[in-house]
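The lines below spell out each chain.
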Amino acid sequence: MAEDFVVLEGKKNASALSLINDEFRDIDQTPVSKMELTAFYIMGAAMDPAQFGAVGFFIPLIVQTLTAGYGYTRADHSIPCDITGSYTCDVQFAGTWVDTTSLFFYGVVVSTIIQAFIFICFGSVADHNAYRKTLWIIFSVLGSVCCLLFPALVSYSMFTFGWILTIIIGVCLGACWMLVYAYLPLLARNHPDFLAKAESPDATRELLLADLDSITNTISSNGFIWMYSSTLGFLLLVIVFALFYTPAGSLPPTYALQLGVALFGIVWLAGVLFVNKHLRTRPGPPFPANSNVMTYSTKKVFTAFSKASKLRHLFFFLIGWFFYGDSFYTLSSVAILWAQSHLGFTTKDTLVLAVIVPVCGILGTYLWKRIQDYTQISSKRVLLLQNTIYSIIPLWGCLGLIPGSPLGYQTKIEIYIASAVHGFLLGATQSTCRSLFAQLLPPGSEAEFYSLYEITDKGSAWVGPLVVAAIDNSGVNKLYSMVFLGLQFLVSLWVFSFVNVEKGIDDGRGVWEGGEGEGRVVISWLVLCSVWHWDTRNRRIESKMKKKNE
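About the criteria used
- Residues numbered from 1 in each chain as written.
- Predicted model: local features only at pLDDT ≥ 70, side-chain atom pairs only at ≥ 80, totals over all residues.
- Heavy atoms only, no water.
- Helix = DSSP H or I, 4+ residues; strand = E, 2+ residues; numbered from the N terminus.
- Buried < 20%, exposed > 50% of the residue type's maximum accessible area, 1.4 Å probe, protein only.
- Areas by Shrake-Rupley, 256 points an atom, 1.4 Å probe, with all protein chains shown as cover.
- Pairing = 2+ DSSP bridges.
- Contact = heavy atoms within 4.5 Å.
- Axes fitted to C-alpha atoms, helices over the stretch in contact; angles between N-to-C directions.
- Phe/Tyr/Trp six-rings, centres within 6.5 Å; stacked < 30°, edge-to-face > 60°.
- Lys NZ or Arg CZ within 6 Å of the ring centre and 35° of its normal.
- Parallel < 35°, antiparallel > 145°, perpendicular 65-115°, else oblique.
- Left-handed = near helix turned anticlockwise from the far one by under 90°.
- Nonpolar A, V, L, I, M, F, W, Y, C, P; charged D, E, K, R; others polar.
- Disulfide = S-S within 2.5 Å.
- Salt bridge = Lys/Arg side-chain N within 4 Å of Asp/Glu carboxyl O.
- Core = buried A, V, L, I, M, F, W, Y, C linked by side-chain atoms within 4.5 Å.
- Expected span 1.5 Å × (residues − 1).
- pLDDT = per-residue confidence, 0-100.
- Patch = residues over 30% accessible without salt bridge, like charges linked within 9 Å, V, L, I, M, F, W, Y side chains within 5 Å.

Just give me the short version of the overall build of the chain, but keep the residues and values in it.
Counting its regular elements, the chain contains 18 helices and three strands. Counting over 550 residues, the chain shows a buried share of 55%. When the accessible area of the chain is evaluated, it comes to approximately 22700 Å², of which 65% is carbon and sulfur surface.

Below, the structure written as structure tokens:
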């Protein structure tokens, strides 16, 4: 019964929730306090320096530098790699020669596979009891400790250890972001502004949904401003330190960046302490008795796929996100590694680049929200515009494939301009995607469906790095990676155009109510084939066991 899952906070909230209880129900409906909202912002602000500064900029350069410093030139594997200028080098890894840039991307692929496993096997667990908050703390502690270990990489021969740490940090961040996103709908539904508007006798479902959209966007946008402000502040500290610090001769030239990664780990760990104290647990229903944690979550994921038959527009969005998220995440690493290996970017050049992006990110997140509020255009239209502008960045790089062309990321200034555009879009488009997806969710299944959000994201996140690694390892011009990324952006733009938000909200409500709803299953071919293969394999095993028993 729905009544078992609703906690009313006195008569004041009774009228406020009368219109929305049947559609938006939470166990803990305590109005969100300013301190709790601050704690939610701190979750992202503590993680983003590690996500953006470390994984986005520092770690790719650290791993590539350590790998190249232990490698040899591609033309002659007997000549050590010279990392003081432009270089194309290989290193022996797992019994074969691998391009030093490709190795980092292969690590991203491994991290992605592990994350997909975690999302499938444990994603739905966060919808029960206090697991949402507890799991965030566990993954945050593990990830921050791995960041603190980067100063231990004191020689080029330790590149494998750095590669492993990178994988673990990526896994922890991926799991943590899924849990952070799962909090957003809960906070929006129980925000005092939303509850106050719901008290109005003139309130209708349509008006409440519009208000909920606005509040969700506001929380999401403010969250990204907190994240970028935190990242920018700590990046500036690292820059000031790097200006006056010169690594000892025996240390890698990226050692200042390694100390920066450790600083980001300290920030992440400090955030855990604040969040643990001030963020409400906001639990889900009790975990079913006699249920196995791993098999329960896996079944829930397949149940979520089953619900997709009534959530056509949500899965149109997920397919678009499949291509879109992979494109802009991969784009950042491709650009920074190209800048280091072909344009001679130094540590200080990289730090300047790392500051440009969050500065433009703060400006972009603020301006995109103001533009949307002023023009009253929908989140979908904003997303289509952001996607269109994003596609220009890799398509510009394709100009460098024209023989003799002075354009196409052949100069440092082009990289700086591209990073400014990337920053202006990155936070804003993530905020738009997050708030748009939150609107399409069936109430009460946030973590379950955000695990699908992350599965879709990570289900594609191996595609870009793997293709880019193959291009780099093949010996052709590495700017061909930009052709691939440009095509991905255009595909996502086309898919997003089919999303109908209003119908998607109705579909989500129909699934929650147990009605038929409209739509049919629309999922990426990768996920569909994986599910079919898994099911077919199990059936075959069961069939063989039966025959054996007979």
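So, the sheet that holds strand β1 (residues 72–73): which residues are in play, and what are the values?
Strand order across the open sheet formed by three strands is β1-β2-β3, with antiparallel pairing between neighbours. Looking at strand neighbours, the two that pair on one side only are β1 and β3 (96–99), the edges of this open sheet. On the sheet, helix α3 (residues 100–122) packs against β2 (89–93) and β3 and is oriented at approximately 90 degrees with respect to β3.

A description of the packing of aromatic side chains should follow, citing residues and the corresponding values.
In the structure shown here, the tally under the stated rule is 22 aromatic pairs. Summarising the aromatic geometry, the rings of Phe241 and Tyr245 are spaced 4.9 Å apart at their centres and angled 20 degrees between planes, so their arrangement reads as stacked. Where Phe317 meets Phe496, the ring centres are 5.6 Å apart and the plane angle is 40 degrees; that geometry is what we call tilted. Of this pair, Phe317 sits in helix α10 (residues 312–342) while Phe496 sits in helix α16 (residues 480–496), placing them 179 residues apart in sequence. Each member of the pair, Phe317 as well as Phe496, is classed as buried. By way of ring pairs, the aromatic residues Phe317, Trp321, Tyr324, Phe328, Tyr390, Phe437, Phe489 and Phe496 are connected into one cluster. It is Arg132 that lies over the ring of Tyr183; its NZ or CZ is 5.5 Å from the centre.

Now, about the pairing of β2: what can you tell me, with residues and values included?
Judged by how many residues are buried, β2 sits mostly within the fold: four of five residues are covered. Sheet analysis places β2 next to β3, joined by four bridges and oriented antiparallel. Counterpart to Asp90 in the pairing with β3 is Asp99. Hairpin remark: β2 followed by β3, antiparallel, with two residues in the connecting loop; positive phi at Ala94, about 55 degrees.

Any details on the packing of helix α2 (residues 34–69) against α10? Residues and values, ideally.
The packing of two helices is summarised by the inter-axis angle and the distance between the axes. Where α2 contacts α10, the two axes come as close as 10 Å, and the packing angle between them is 50 degrees. Looking at the two axes, α2 sits oblique to α10. Classified by chirality, the crossing of α10 by α2 is right-handed. Taking contact as the criterion, the partners of Gly56, Phe57, Pro60, Leu61, Gln64 and Thr65 in α2 are, on α10, Ser332, Ser333, Ile336, Leu337, Gln340 and Ser341. Residues that form the contact of α2 with α10 fall into these classes: five nonpolar, seven polar and no charged.

Can you explain the state of the cysteines? Please cite residues and give values.
Note on terminology: disulfide describes a covalent bond linking the sulfur atoms of two cysteines. Going through the model one piece at a time under the given rule, you end up with one disulfide. Across a sulfur-sulfur distance of 2.0 Å, Cys81 and Cys89 are joined as a disulfide pair. Disulfide Cys81-Cys89: the torsion about the S-S bond is 80 degrees, which places it as right-handed. The class of Cys89 is buried, set by a relative accessible area of 2%.

Tell me about the packing of α2 against α3, residues and numbers included.
Relative to each other, α2 and α3 sit at 130 degrees, their axes nearing to 8 Å. One way to sum up the angle between α2 and α3 is to call them oblique. For the pair α2 and α3, the sense of crossing is right-handed. Together, Ile59, Pro60, Val63, Gln64, Thr67 and Ala68 of α2 and Thr100, Thr101, Leu103 and Phe104 of α3 make up the contact between the two elements. Across the contact of α2 with α3, the residue classes break down as six nonpolar, four polar and no charged.

Account for the pattern of salt bridges, naming residues and giving values.
If you walk through the whole model with that rule in mind, you get five salt bridges. Notably, a salt bridge pairs Arg74 with Asp90, separated by 3.1 Å at the nearest N-O pair. Residue Arg74 is found in the loop between β1 and β2, and its partner Asp90 is found in strand β2; the two are separated by 16 residues along the sequence. For Arg74, a relative accessible area of 24% gives the class partly exposed. Among the ionic contacts, a cluster of salt bridges with common partners joins Arg74, Asp90 and Asp99.

Kindly report on the nonpolar core, identifying the contributing residues and their values.
One broad rule of soluble globular proteins: the nonpolar side chains tend to lie buried together. One finds Phe40, Phe58, Trp136 and Phe317 to be the most contacted residues of the largest nonpolar core, which totals 131 residues. In terms of residue count, the dominant contributor to this core is helix α5 (residues 159–189) (19 residues). Those residues in contact with Phe317 that lie beyond four places of it in its chain are Leu383, Cys433, Leu436, Phe437, Leu440, Tyr453, Phe496 and Val499.

Go over α2, please, and point to the residues and values.
With 36 residues, α2 ought to run about 52 Å at 1.5 Å a step, and its terminal C-alpha atoms sit 49 Å apart, in line with that. Within α2, 30 of the 36 residues are buried, which leaves the element mostly enclosed by the surrounding structure.

Describe the environment of Phe264, with residues and values.
Examined against the element boundaries, Phe264 turns out to sit in helix α8 (residues 255–278). A residue is classified by how much of its surface remains accessible, and Phe264, at 0% relative accessible area, is buried. Every residue in contact with Phe264, bar those within four places of it in the chain, is listed here: Pro49, Ala50, Gly53, Ala54, Phe58, Phe234, Leu235 and Val238.

Mind laying out the environment of Ser33, listing which residues take part and the relevant values?
Topologically, Ser33 is positioned in the loop between α1 (10–17) and α2. For Ser33 and His278, which are 245 residues apart along the polypeptide, the C-alpha to C-alpha distance reads 9.8 Å.

Break down the confidence of the model for the chain for me, citing the residues and quoting the values.
Parts of the model with low pLDDT should not have their predicted coordinates read in detail. Residues of the chain with pLDDT of at least 70 account for 81%, and the chain-wide mean is 78. Looking over the chain, one finds the lowest element-wise mean pLDDT in helix α18 (residues 525–549), namely 40, and the highest in α8, namely 93. Here residues 1–24 is modelled with pLDDT under 50, and outside its nearest four sequence neighbours on either side it reaches 48 contacts, counting other chains as well.

Break down a nonpolar patch on the surface for me, citing the residues and quoting the values.
A cluster of nonpolar side chains, contributed by Val141, Val145, Leu148, Leu149, Phe161, Ile266 and Leu269, occupies part of the molecular surface with about 510 Å² of accessible area. Elements represented by at least two residues in the nonpolar patch include exactly α4 (131–148) and α8. In terms of residues, the nonpolar patch owes the most to one element, α4, which gives three residues. Tracing the backbone through its elements, the reader meets Ile266 in helix α8.

A description of unusual backbone geometry should follow, citing residues and the corresponding values.
Even without being glycine, Ala94 reaches a positive phi, approximately 55 degrees. Structurally, the position occupied by Ala94 is in the loop between β2 and β3. With phi around 60 degrees, Gln376 is a residue other than glycine that occupies positive phi space. Tracing the backbone through its elements, the reader meets Gln376 in the loop between α11 (347–375) and α12 (379–397).

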